[in-house]
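Structure assessment
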Amino acid sequence: MEKSTTLNLRVNPEVKKSAEMVLSQLGVPMATAIDMFLRQITLTGGVPFIVSLPKAPNSVNVDMMNTSLIREKLNEGMLDISNGRVRPAREIFAEFKEGRTDEAL
């Protein structure tokens, strides 16, 4: 089947670059990947993957803590700050996105 429709998209440049790197390793052109994605939407009747928010580890999920545990964690954090044990949030979020456990943080 001949392709005859043009699709113009605006995407985050870093997301595009990351996707292109992966697709290049797979030997799949971006246009083919987008075509595959659209075909899967048609075949499955929806987005072909689960869309959800990442879950926080229980050790930092305040919904899983009582008031005294929250206070304990806050006090530990304040002590870390006082002792200079700090890291940029960018690093922590990157590790979280990579799926590293809280023990590795």
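Once a new chain begins, its residue numbering starts again from 1 and follows that chain's sequence as written. Thresholds applied to this predicted model are a pLDDT of at least 70 for local features of residues and 80 or more for the giving and counting of side-chain atom pairs; totals over whole chains, interfaces and linings are not thresholded and use all residues. Neither water nor hydrogens contribute to the side-chain values; these are computed over all heavy atoms in the structure.

Here a helix means four or more residues in a row that DSSP labels H or I, a strand means two or more in a row labelled E, and each is numbered from the N terminus. When its secondary structure is counted, the protein shows four helices and zero strands. Along the protein, helices (α) and strands (β) appear in the sequence α-α-α-α when read from the amino end. Over its C-alpha trace the protein gives a radius of gyration of 21 Å, far above what one expects of a compact globule, namely 13 Å for 105 residues. C-alpha atoms of the protein, sized along the principal axes, occupy 65 × 30 × 25 Å. Looking at the protein residue by residue over its 105 residues, the buried ones come to 6%. When contacts within the protein are restricted to residue pairs at least 6 apart in sequence, those whose partners lie at least 24 apart make up 31%. What the globule rule says is 2.2 Å times the number of residues to the power 0.38, and the radius of gyration is computed from C-alpha atoms. Each residue is placed in one exposure class: buried if its accessible area under a 1.4 Å probe, protein chains only, is under 20% of its type's maximum, exposed if it is over 50%, and partly exposed if it falls in between. Contacts between residues were defined by any pair of non-hydrogen atoms, one from each residue, lying within 4.5 Å.

What follows deals with the confidence of the model for the protein. Along the chain, pLDDT gives the predictor's confidence residue by residue, from 0 to 100. Here the protein averages 87 in pLDDT, while 93% of its residues score no lower than 70. Per-residue pLDDT, averaged within each element of the protein, yields its smallest value for helix H4 (residues 89–97) (85) and its largest for helix H2 (residues 30–44) (95).

Each cavity reported here is a set of points on a 1 Å grid over the protein atoms alone in which a 1.4 Å probe fits but cannot get out, each pocket an open set with protein on both sides within 12 Å along at least five of seven lines, and each lining residue one with an atom within 4 Å of a point. Grid points are joined across faces, edges and corners, and a volume is the space filled by probe spheres set on the points. There is about 400 Å³ of room inside the second largest pocket. Every residue lining the second largest pocket is counted, twelve residues in all, and those nearest its centre are Lys3, Ser4, Thr5, Asp35 and Leu38. Here the term charged refers only to Asp, Glu, Lys and Arg, the term nonpolar to Ala, Val, Leu, Ile, Met, Phe, Trp, Tyr, Cys and Pro, and the term polar to all other amino acids, Gly among them. Across the lining of the second largest pocket, the residue classes break down as five nonpolar, three polar and four charged.

Attention now goes to helix H1 (residues 13–26). To estimate how far a helix should extend, the number of its residues minus one is multiplied by 1.5 Å. With 14 residues, H1 should cover 20 Å at 1.5 Å per step; its first-to-last C-alpha distance of 20 Å lies within 8% of that length. Two N or O atoms count as a polar contact when they lie within 3.5 Å, although within protein this holds only if one can serve as hydrogen donor and the other as acceptor, and sequence-adjacent residues are included solely when both atoms are side-chain atoms. Two to three positions downstream of the cap, the backbone nitrogen of Glu14 sits 2.7 Å from a side-chain oxygen, assigning the N-cap of H1 to Asn12. After H1 finishes, the residue Gly27 shows a positive phi value of roughly 75°.

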